[in-house]
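Per-entry structural report
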Amino acid sequence: MAQLTYLKALNWAFLFLEEHAKEREAARFLLLGRKHWTTTQLVLHYHDEMPTAEYDQYQADLNAFIADQPAQYILGYANFYGRDFKVTPATLIPRLETEELVEWVLDATQPKNRPLKVLDVGTGTGAIAITLACEHPEWEVTAIDISPEAIAVAQVNARQLNAHVNFIVGDFLTPVMGQQFDVIVSNPPYIAQDERHVMDASVLKYEPDLALFADNNGLAFYERFAKEVRAYLKPDGQLYLEFGYQQKETIVRLFERESTDVAVTIKKDMANWSRMARVGYDFNRNLV
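Residues numbered from 1 in each chain as written. Predicted model: local features only at pLDDT ≥ 70, side-chain atom pairs only at ≥ 80, totals over all residues. Heavy atoms only, no water.

On to the overall build of the protein, then. A tally of helices and strands in the protein yields 13 helices and 9 strands. A buried classification covers 50% of the 288 residues belonging to the protein. Surface exposure of the protein reaches about 14300 Å², of which carbon and sulfur atoms provide 50%. (Helix = DSSP H or I, 4+ residues; strand = E, 2+ residues; numbered from the N terminus. Buried < 20%, exposed > 50% of the residue type's maximum accessible area, 1.4 Å probe, protein only. Areas by Shrake-Rupley, 256 points an atom, 1.4 Å probe, with all protein chains shown as cover.)

Put into structure tokens, the structure is as follows:
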């Protein structure tokens, strides 16, 4: 029998996924992910023999993928802002757009003569909170999620990445009632229930509904932020939100309806969709 090399295994995997009408590049992603290789490292090992145990695992991974299991769940981790985060079906898989939200927070937040107090609402894997804590170890970072299973995953990620984050199980802002923050950031559930029919089967089958769907056409959490968040911000504090690409106008109206002293700044993602908002208030004015 001819020697099975990594290149031969990869080429077979490309064909296998094409035959099952699946994205062929997942073959490379899964192989690189299992080996923790870069593309360059894979090329350097193209003609090395692939051990039988690795090939068996690779076949199992590909079969799971054609059964709609997301590649990140198959591998057990996802990369976010240059770091690997454990993911399970209890947590949403961190997306590239959320990296852009984190980048905005880091770029826009001015240093002060004290550590900043930061809150991540709906933390999931902890990707946002842990990344901010890793980039700014001096910040005091708290993260909330209603799911105990998600918080358990986030705690594992924090330990593995040596990040100091205070994780709390609870609903929305309730666990930090009476506290105020310099930065509050959230990527809340924002998909409407009636959008299920346009979503990928892998997302619907494996990612948690709790982290995806929200009532009131996906706006429930933005309505709560608009009504409640002002009391949780310090006078120069800012709220950063990710939202769906069609929700910009509605979200701006929600905040402007609740407060006359609010300023909402919208930012587009790399695909040129309006996907992020920064909300601040003029605390020198009285609310009407």
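If a strand is regular, its side chains alternate between the two faces of the sheet. Counted residue by residue, strand β9 (residues 274-281) has 7 buried out of 8 residues, so it is predominantly covered. As defined by bridge partners, strand β7 (residues 233-242) adjoins β9 across 4 bridges and the pair is classed as antiparallel. Paired with Leu239 across the bridge in β9 is Val279. Note that strand β8 (residues 262-268) and β9 share 7 bridges and pair antiparallel. When the sheet's bridge partners are listed, Lys267 is paired in β9 with Met276. A loop of 5 residues connects β8 with β9, the two strands running antiparallel in sequence, and Asn272 in this loop sits at a positive phi of about 70°. (Pairing = 2+ DSSP bridges.)

Using the criterion set out here, one finds 15 salt bridges in the structure. Among the ionic pairs, Lys35 bridges to Glu54, the shortest N-O distance being 2.9 Å. Of this pair, Lys35 sits in helix α2 (residues 25-35) while Glu54 is found in helix α4 (residues 52-66), placing the two residues 19 residues apart along the sequence. Bridged by salt links that share partners, the residues Arg114, Asp182 and Lys234 form one connected network. (Salt bridge = Lys/Arg side-chain N within 4 Å of Asp/Glu carboxyl O.)

Another point: the environment of Glu242. Within the element layout of this structure, Glu242 appears in strand β7. The spatial distance from the C-alpha of Glu242 to the C-alpha of Ile266 is 10.0 Å, given a sequence separation of 24 residues. At 3.1 Å, the side chain of Glu242 forms a polar contact with the side chain of Arg275. (Polar contact = N/O pair within 3.5 Å; in protein donor to acceptor, adjacent residues only side chain to side chain.)

So, about the packing of helix α12 (residues 220-228) against helix α13 (residues 248-258). At a minimum axis distance of 8 Å, the contact between α12 and α13 shows a crossing angle of 25°. As summarised for this structure, α12 and α13 are arranged roughly parallel, according to the angle between their axes. Every pair of crossing elements has a handedness; the one defined by α12 and α13 is right-handed. Together, Tyr222, Glu223, Phe225, Ala226 and Lys227 of α12 and Ile251, Leu254, Phe255 and Glu258 of α13 make up the contact between the two elements. Of the residues belonging to the contact of α12 with α13, the class tally is 6 nonpolar, no polar and 3 charged. (Axes fitted to C-alpha atoms, helices over the stretch in contact; angles between N-to-C directions. Parallel < 35°, antiparallel > 145°, perpendicular 65-115°, else oblique. Left-handed = near helix turned anticlockwise from the far one by under 90°. Contact = heavy atoms within 4.5 Å. Nonpolar A, V, L, I, M, F, W, Y, C, P; charged D, E, K, R; others polar.)

Among the structural elements, Arg34 can be located in helix α2. A relative accessible area of 35% places Arg34 in the partly exposed class. Ignoring sequence-local partners within four residues, the contact set of Arg34 consists of Gln57, Asp61, Ile74 and Leu75. Within the structure, Arg34 has its side chain in polar contact with the side chain of Asp61 (distance 2.8 Å).

Purely geometric numbers; function is a separate question.
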